[in-house]
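# Geometric and topological summary
Each chain is listed here by its residues.
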Amino acid sequence: MVAAAAGLVVGAAATLSGCDKKPEKTRIAMVVKNLGNGFFDAAHAGADEAAKQLGNVEVIYTGPTTPSAEGQIEIINSLISQKVDAIVISANDPNALVPIAKKAMQRGIKVISFDSGLAPEGRQMQLNPSNAELIGEKQIQMAAGSMGGAGEVAILSASAQATNQNIWIGVMKQVLQKPEYAKVKLVATVYGDDQSDKSYREAIGLLRSHPNLKAIIAPTTVGIVAASKAVVDEHLVGKVYVTGLGLPSEMAGHVKSGAVKEFAIWNPIDLGYAATFAADQFVTGKAAAKAGTPVSVGRLGQVTLDDKGEAALGPPFTYNAENVEKFAKMF
């Protein structure tokens, strides 16, 4: 299947590499984890938006049919042969792709990773959708907003060992020390191990052991769905609100039920747009892979590279009754 996908890439780009003359347009290849993925289809739409705005950019959208490092390596090899100007990639493996990414850079191709990053030695820049501080603060803001700024809140996380979840929870606890959240009290943190059944049981446990609970924050796509279902099943819609990080396709029904006022996750359109715009900045020499360097991301402003060559786009995007149905069709 991977070979077939790579074959399609070669075929699709055959017209681009049929002559030795350098194409007039900047060619930026977006290599996603796998084709047929709604999240990356939306990122593709953002890439096309950036290309249209820049006016001299052509986007080659590709990826393996199933998410594997081997499939992406084969595709990057093909793109090197086609002499594309830049590769924007969401990596299936941060380290396995480094040798082929280095080969691309040695040939003068700019390599930007986004969403799921490459190890630093394999790219010029990693564009993260957000960062721990922004993610943690956003979830407290949503919880406080849902419950009118006062009351008891609990956290339903993934596993107790989940590094990113634990960092976000640490940030949330710090944010709760701010004066504006003085009336918000964290009463419990429980773990559902990113299993639907266990997350549901933990959510039920929170609702029954904390009768004054006003909100549950679930910074996990599995947990937020389970907690929303628990609130409905316990007939607590309108009394307890659920928020956190979720997928629009899984959360639209829970927003409609009233269990959820708003939730967040990255906006893949903005992510694809920003990564493509940034890649063009590197191709045209307007950006360099140095700490402290500002990189323009078009309508989204600019980001600044840290000492690891990483930058964060911004706070997670908020989804609510006004926009969730639109995005639910994408991912």
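Before reading on, note that the structure itself is shown above.
The shown structure was predicted, so the numbers you read here are calculated from the model rather than taken from an experiment.

The rules behind these values
- Residues numbered from 1 in each chain as written.
- Predicted model: local features only at pLDDT ≥ 70, side-chain atom pairs only at ≥ 80, totals over all residues.
- Heavy atoms only, no water.
- Helix = DSSP H or I, 4+ residues; strand = E, 2+ residues; numbered from the N terminus.
- Expected span 1.5 Å × (residues − 1).
- Buried < 20%, exposed > 50% of the residue type's maximum accessible area, 1.4 Å probe, protein only.
- Arc of directions from axis to C-beta.
- Contact = heavy atoms within 4.5 Å.
- Salt bridge = Lys/Arg side-chain N within 4 Å of Asp/Glu carboxyl O.
- Pairing = 2+ DSSP bridges.
- Axes fitted to C-alpha atoms, helices over the stretch in contact; angles between N-to-C directions.

### Considering helix α7 (residues 196-209)
Taking 1.5 Å as the rise per residue, α7 with 14 residues should run 20 Å; its terminal C-alpha atoms sit 20 Å apart, in good agreement. Taken as a whole, α7 has its buried residues at S199, A203, I204, L206 and L207. Projected down its long axis, α7 carries its buried residues within an arc of 160°, all on one side. Across α7 from its buried face, at more than 90 degrees, point the exposed residues D197, R201 and R208. Buried-residue contacts for α7 involve β6 (151-157), β7 (184-191), β8 (213-218) and α8 (221-233).

### Remarks on the pattern of salt bridges
Under the definition given, this model contains seven salt bridges. Among the salt bridges present, the one from E310 reaches R123, with a minimum N-O distance of 3.7 Å. Here E310, found in strand β13 (residues 310-312), pairs with R123, found in the loop between β4 (110-114) and β5 (125-128); they are 187 residues apart in sequence, far enough to count as distant. On the basis of relative accessible area, E310 is assigned to the partly exposed category, the value being 23%.

### Comments concerning the sheet that holds β8
Here we have four strands laid out as an open sheet, ordered β7-β6-β8-β9, and parallel in their pairing. The two strands at the open ends of the sheet, each matched to only one other strand, are β7 and β9 (241-244). For this sheet the average axis-to-axis angle between neighbouring strands, irrespective of direction, equals 25°. Bridge analysis of β6 against β7 gives seven bridges, and the strand direction is parallel.

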